[in-house]
Protein chains: 2
Amino acid sequence: MLRLNGPNVDNLNPNPLLMSQASQPAATIKAYVEANKDRFLSELMDLLRIPSVSADSKFKPEVQRAAEFIKQQLEAAGAENVALCPTQGHPIVFGEKIVDPALPTVLVYGHYDVQPADPYELWKSPPFEPEIRDGRIYARGACDDKGQAYMHVKALELMMRADMLPCNVKFMIEGEEEVGSEHLGDFLRDNRERLAADVILISDTGILSNEHPSITTGLRGMSYVLVDVVGPNRDLHSGMYGGAVANPINVLCDMIASLVDDDGRITIPGFYDDVAEVSDEERKAMNAAPFSEEAFKKELDVADVKGEKGYTTLERKSIRPTLDVNGIWGGYTGEGAKTVLPSEAHAKISMRLVPNQSSQKITELFTRHFESIAPKSVKVKVTPHHGGEPAVTPTDSVAYQAASKAFEEAWGKTPIPLREGGSIPIVALFEKELGLKSVLLGFGLDSDAIHSPNENFHVFNYLKGIETIALFYQHFAAMNPER
Amino acid sequence: MLRLNGPNVDNLNPNPLLMSQASQPAATIKAYVEANKDRFLSELMDLLRIPSVSADSKFKPEVQRAAEFIKQQLEAAGAENVALCPTQGHPIVFGEKIVDPALPTVLVYGHYDVQPADPYELWKSPPFEPEIRDGRIYARGACDDKGQAYMHVKALELMMRADMLPCNVKFMIEGEEEVGSEHLGDFLRDNRERLAADVILISDTGILSNEHPSITTGLRGMSYVLVDVVGPNRDLHSGMYGGAVANPINVLCDMIASLVDDDGRITIPGFYDDVAEVSDEERKAMNAAPFSEEAFKKELDVADVKGEKGYTTLERKSIRPTLDVNGIWGGYTGEGAKTVLPSEAHAKISMRLVPNQSSQKITELFTRHFESIAPKSVKVKVTPHHGGEPAVTPTDSVAYQAASKAFEEAWGKTPIPLREGGSIPIVALFEKELGLKSVLLGFGLDSDAIHSPNENFHVFNYLKGIETIALFYQHFAAMNPER
């Protein structure tokens, strides 16, 4: 029997009982992955060689190439009606395999676009020349999300070849997740029929560790803005004008500093109004999850953690909202010393949101507040970049239980349900537009360094993920009565 | 009779009495400049074509080229013993014309290096392709300091050709002023004999306006530092870690914001200890100088000024110390949105100093304070860039009076003695190493946009400056009894 409320701490060691349940399908799946693992890896590396950076328009043709690669591989795996669906931005790859309309349908979501790879100089091997070192594939997108999305393509191939696809499956792999899935909403609204399904399956999250597999049951939303502070109409000599004219960088620093108080609380009026407080039970369960703050600090090489007063590190990075400056620039940043009083300063600021905050409302609150605290001596502009809503996924659904069973069979351990700090805005979007719940069957690890130099994905997790996904289908179909 | 204490407000219109004093030498000088002005301009433009940016090592060969250009032109003008004196950095151009060892000697200082020209895209015409528009020469260094230094070379040529050099002159034109004149001190110490003189003449400052010529009698010093704030050992995903780990950009903003309080006072302990308060008389005189705050705001397109409480704009930019961030950078600054929690953030910070603050002491106070306010969750590093001491020049010296008379003859107006906000650290250095006072005979205007895109120098000021300099020598020699 599964325990779904909080970490199953008694049950973190391989459970003979569970292992012994290893079914015939499990053995077949294991064998197929073992027999094809080299090809599975080399195909993924071909995909990783395509620099599909959606944030930077100069990579547009490469993003298109990545979409076409996914299309070809889906067809090769046995999907039908595979097509690149055009959007106002990058195309969405659709494909499906309808075994029997009477059977339940799984809608797989993933994304083939990646984060920018800079700073390039910090990569041990070039971000778009994948390399396997110590059992890890190093490349931008290795985990987020090319590696995790491609596991589903290979799981389909496996089930088609082994004639063990027990229900219908549809694929929807987009190319704008890293820039806010701007055009996904329209696509969903225009394709409700075509996307009809019983559940959405997404691998774009992580597990606690390979010793403690987990399933993400909550995600933070996001509000992301660009702020511009403009002072004098030109760069000035800091000697001739310094002290008498507002310096946009100093002003920007003042404004940013004022956004978070000494207790780590965000000072924007109304910011916390809609925050759903998490029950003491859930917080207790969350903090019972295996986690060492010492190891956490050591791994990041920081002498201390920093965050909102009254919450643990695990809580701060999952159930509490944040405000982080993701980038800042202004004035002279070249070699040597230039005594300039610059005309402008800029920053990119993101706020991670938790249930039941609204991305649009928070962006409005931020904008109003930021404009209100600007001194008369400067002009400020706030440009909303993109946002996403927070989400919580149910742990009592058939799909979640199927996912949990799949983990037990493949990993020999019951996965821990866990709230995560990242954002997959589309989880909330799917619920709104398609009325469908999602299962977040992710296989990443914190050490994968996604969004950072030297992003990587463990070969073990990639192959084990394919196995787990194929098993999910077996349990999901078995637990779903025909309609 | 000259009024040296404060602006001579009764005397701002051309004074017939003064004009009528126009001497024979004055007429000769005027005629020579008029006859040669086209060549004077084209020669300066040749110098301006050399991108001698001392702050950026990739321009090193160009800085050398500029030094050689000055050397050739000094020889052509009639200077003797002209040489490029090597230093640990860029060479110093020396040259001299000894008329009679018994006569007084003027030591001319200037610099042939320039500030970096970026941002290039804001220049109407390329910074190193000088262009004359509406009576102004547009180019990096047009005023600061190639244009102003070259006036002295042409004044020498004029006096040699017209056989009216009434005393000895020495030239010392360096190539590291924009990076703190790092190696000038050693050069002075090693060449005391060779540089022996009665006064130092420098044109690297400005005048209030062409209607209100002025002579700079005070300058601010400077302390310039680079600060690095380092948090986690790598860039992190702001969703997975945000809220639990110190963000170096947010921390840097907090620290910078705390350096100046709401009254515009710098909070570094001991920062104001050595500040010499200026007498009410001098403040009164200073504020009597023609200045319109409305025009000042309009010209910079700012709705309001900003600065230290209790001081006027003229005071804030001249007799009060400042703290300005000259550059800041960290995280993702490219196109689009990247949700990174960066590993590092950086800023270049300069403090303008006033008598009797010491650059070294202020740098030490800043460093100690900045390190003391850093939270445990980050590492900070402060790297001193370069500094310079503030200075006040006497208005009762023979040299100052000669300069004032030269202005009267050339401009028909008595110049206003004025304290300026910029820094020419070498003024204090000369006093310390050579025991010599300086006269700051500058001809720039605020609208010259030095250190900014579209730096320019008025053709009128360039030619009038040559005239004024030649007249200075006539008066200085006449007022100096032979020794």
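All residue numbers here refer to positions counted from 1 along the written sequence of the relevant chain. Think of it this way: whatever chain is written first is A, whatever ligand is written first is 1, and the rest follow in order. Restriction of local features to residues with pLDDT of at least 70 applies here, the model being predicted, together with a cutoff of 80 or more for giving and counting side-chain atom pairs; totals for whole chains, interfaces and linings are based on all residues. Excluded from the side-chain calculations are hydrogens and water; all other atoms, namely the structure's heavy atoms, are used.

Chain A appears in an unreviewed UniProt entry as Acetylornithine deacetylase/Succinyl-diaminopimelate desuccinylase from Catalinimonas alkaloidigena.

The numbering of helices and of strands both runs from the N terminus, where a helix is a DSSP run of H or I of at least 4 residues and a strand a run of E of at least 2. Summing up its helical and strand segments, chain A has 13 helices and 18 strands in all. The C-alpha radius of gyration computed for chain A amounts to 24 Å, which stays within 12% of the reference 23 Å derived for 483 residues, consistent with globular compactness. If one aligns the C-alpha atoms of chain A with their principal axes, the spans along those axes are about 80 × 50 × 45 Å. A burial count over chain A gives 65% of its 483 residues as buried. Only heavy atoms enter the contact rule, under which two residues are in contact if any of them lie within 4.5 Å. Counting only contacts in chain A whose residues sit at least 6 apart along the sequence, the fraction spanning at least 24 positions is 80%. In chain A, 48 side chains carry a positive charge and 69 a negative one; their mean positions are 1 Å apart. Taken over C-alpha atoms, the radius of gyration is set against a globule rule of 2.2 Å times the number of residues to the power 0.38. Partly exposed residues are those whose accessible area sits between 20% and 50% of the maximum for their type, while under 20% is buried and over 50% is exposed, using a 1.4 Å probe and protein chains only. His is not counted here, nor are the chain ends, while Lys and Arg score as positive and Asp and Glu score as negative. Note that the charge is assigned to NZ on lysines, CZ on arginines, CG on aspartates and CD on glutamates.

The next thing to look at is the sheet that holds strand β4 (residues 131-133) of chain A. All names here are of chain A. Strands were regarded as paired on the criterion that DSSP finds at least two bridges between them. Read from one edge of the open sheet, three strands run β4-β5-β18, paired in antiparallel fashion. Strand pairing shows two members of the sheet lacking a second neighbour, β4 and β18 (456-458), which therefore form its edges. Across this sheet, the average inter-strand angle for adjacent strands is 30°, counted without regard to direction. Sheet analysis places strand β5 (residues 136-138) next to β18, joined by three bridges and oriented antiparallel. Residue pairing for β18: I137 is matched across the bridge by F457. All axes are obtained by fitting lines to C-alpha atoms, using only the stretch in contact for helices, and the reported angles, taken between N-to-C directions, cover 0 to 180 degrees. Sheet strands touched by helix α13 (residues 459-479): β4, β5 and β18. Its angle to β18, the strand with the most contacts, is close to 60°.

Further remarks concern the relation of the copies chain A and chain B. Superposition of the two copies of the chain requires a rotation about an axis together with a shift along that axis. Superposing the copies works by least squares over the C-alpha atoms of residues that have pLDDT at least 70 in both of them. Superposing chain A onto chain B requires a rotation of 180° together with a translation of 0.0 Å along the rotation axis, leaving an RMSD of 0.1 Å. Such values leave the two copies arranged in the relation of a two-fold axis. Taken as a fraction of all interface residues of chain A, those also at the interface in chain B reach 99%, which identifies the copy contact as same-surface.

Note: interface size is frequently given as the accessible area lost on complex formation between the parts. Chain A puts 87 residues into the contact, and the matching count from chain B is 87 residues. With both chains or domains summed, chain A and chain B bury close to 7,600 Å², and 51% of this area falls on carbon and sulfur atoms. Summed over the three residues of chain A that lose the most area to chain B, namely M240, K306 and K338 of chain A, the buried surface amounts to 9% of that side. Salt bridge, as applied in this entry: a Lys or Arg side-chain nitrogen positioned within 4 Å of an Asp or Glu carboxyl oxygen. Between the two partners, chain A and chain B, sit four salt bridges. Accessible surface is computed with a 1.4 Å probe, and the buried area is the amount of it that two parts give up when combined, taken over both parts together.

The next point concerns the pairing of strand β3 (residues 105-111) of chain A. All names here are of chain A. Within β3, seven of the seven residues are buried, leaving the element largely enclosed by the surrounding structure. Side chains of β3 alternate between two faces, with T105, L107, Y109 and H111 and V106, V108 and G110 buried alike. Examined bridge by bridge, β3 and strand β6 (residues 168-174) share seven bridges and lie parallel to one another. Residue pairing in the sheet places L107 in a bridge with K170 of β6. In this sheet, strand β7 (residues 199-202) lies alongside β3 in parallel orientation, the contact comprising four bridges. Bridge pairing in β7 links V108 to L201.

A few words now on the state of the cysteines. What makes a disulfide is a covalent bond joining the sulfur atoms belonging to two cysteines. Two cysteine sulfur atoms form a disulfide, by the criterion used here, when they sit within 2.5 Å. In total, this model carries zero disulfides over all chains according to the counting rule given. For the unlinked cysteine C253 of chain B, the closest cysteine sulfur is that of C253 of chain A, found at 3.9 Å. Overall, the relative accessible area of 0% leaves C253 of chain B in the buried class.

Here the UniProt feature "domain: Peptidase M20 dimerisation" (unreviewed entry) sits at residues 219-376 of chain A. Counting secondary structure, residues 219-376 of chain A comes out at 28% helix and 21% strand; the distance between its end C-alpha atoms is 39 Å. UniProt positions are given in the numbering used here, feature names are shortened, and annotations may be inferred rather than shown by experiment.

Pairing of aromatic rings covers Phe, Tyr and Trp, the last through its six-membered ring, and needs centres within 6.5 Å; plane angles under 30 degrees mean stacked, over 60 mean edge-to-face, and all others mean tilted. Using the criterion set out here, one finds 28 aromatic pairs over all chains in the structure. Note on F366 of chain A and F370 of chain A: the rings are 5.3 Å apart at their centroids and 15° apart in plane angle, and the pair reads as stacked. Note that F366 of chain A and F370 of chain A are positioned in helix α10 (residues 359-372) at a spacing of four residues, about one turn of the helix. Taking the relative accessible area as the measure of exposure, F366 of chain A reaches 0% and is therefore buried. On the basis of an interplanar angle of 85° and a centroid distance of 5.8 Å, the ring pair of F472 of chain A and Y473 of chain A is categorised as edge-to-face. Assigned by exposure class, F472 of chain A and Y473 of chain A land together as buried. Working rule: Lys NZ or Arg CZ, within 6 Å of ring centre, within 35 degrees of ring normal, means a charge sits over the ring. Above the face of the Y138 of chain A ring, R133 of chain A is positioned so that its terminal group lies 4.0 Å from the ring centre. Over the ring of Y272 of chain B we find R265 of chain B; its NZ or CZ atom is 3.9 Å from the centre of that ring.

Strand pairs in the sheet, formed through backbone hydrogen bonds, run parallel or antiparallel to each other. Residues and elements named next belong to chain B. The sheet built from three strands is open, its strands ordered β4-β5-β18 with antiparallel pairing. The open sheet terminates on both sides in strands that have one partner only, identified here as β4 (131-133) and β18 (456-458). In this sheet, adjacent strand axes meet at a mean angle of 30° when their direction is disregarded. Across three bridges, the pairing between β4 and strand β5 (residues 136-138) is antiparallel. Bridge pairing links R133 to R136 in β5. Helix α2 (residues 24-48) contacts β4 and β5 of the sheet and is inclined by roughly 20° relative to β5.

Attention now goes to a negative patch on the surface. A cluster of like negative charges, contributed by D254 of chain A together with D261, D262 and D263 of chain B, occupies part of the molecular surface. Tracing the chain through its elements places D261 of chain B in the loop between α6 (248-257) and α7 (280-288). We classify D261 of chain B as partly exposed; its relative accessible area is 33%. Nonpolar side chains (Val, Leu, Ile, Met, Phe, Trp, Tyr) within 5 Å and like charges within 9 Å form the patches, drawn only from residues with over 30% relative accessible area and no salt bridge. Using a 1.4 Å probe, accessible areas were evaluated by the Shrake-Rupley method; residue-level cover was limited to the displayed protein chains.

All names here are of chain B. As for its position among the elements, D204 is in the loop between β7 (199-202) and β8 (214-219). Despite its burial, D204 pairs with no opposite charge; the closest candidate is R352, at 10 Å N-O. Side-chain polar atoms of D204 contact the side chain of H111, separated by 3.2 Å. Excluding residues that lie within four positions of it along the chain, D204 makes contacts with H111, D144, D145, Q148, E177, I424 and G442. Polar contacts, as used here, are pairs of N or O atoms within 3.5 Å; protein pairs need one atom able to donate a hydrogen and one able to accept it. Residues neighboring in sequence count only if both atoms are side-chain atoms.

All names here are of chain A. Under the definition given, this model contains 58 salt bridges over all chains. Residues E157 and R39 are paired through a salt bridge, measuring 2.6 Å at the closest nitrogen-oxygen approach. Taken together, the residues span a long stretch of sequence, with E157 in helix α4 (residues 146-161) and R39 in helix α2 (residues 24-48) at a distance of 118 residues. Residue classification places E157 among the buried residues on the basis of a relative accessible area of 2%. Each of R39, E43, K154, E157 and R161 takes part in one network of salt bridges that share partners.

The N-to-C vectors of helix α6 (residues 248-257) of chain A and α6 of chain B enclose an angle of 110°; their axes lie 8 Å apart at closest approach. When the axis of α6 of chain A is compared with that of α6 of chain B, the two are roughly perpendicular. Note on packing geometry: the crossing formed by α6 of chain A with α6 of chain B is left-handed. Across the interface between the two elements, N250, C253, D254, I256 and A257 of chain A of α6 of chain A pack against N250, C253, D254, I256 and A257 of chain B of α6 of chain B. Angular relationships are summarised with four words: roughly parallel below 35 degrees, roughly antiparallel beyond 145, roughly perpendicular across 65 to 115, and oblique for the angles in between. When the near helix sits turned anticlockwise from the far one by under a right angle, the crossing is termed left-handed; a clockwise turn instead gives a right-handed crossing.

For the rest of this paragraph, the subject is the environment of E121 of chain B. Residue and element names in this part refer to chain B. Within the secondary structure layout, E121 lies in the loop between β3 (105-111) and β4. The exposure class assigned to E121 is exposed, which follows from its relative accessible area of 66%. Sequence separation between E121 and A470 is 349 residues, and the spatial gap between their C-alpha atoms is 39 Å.

A few words on the environment of D448 of chain A. Residues and elements named next belong to chain A. With respect to the element layout, D448 can be found in the loop between β17 (438-440) and β18. With ten residues separating them along the chain, D448 and H458 place their C-alpha atoms 7.8 Å apart. Aside from chain neighbours lying at most four places away, what touches D448 is C143, N454, E455, N456, F457 and H458.

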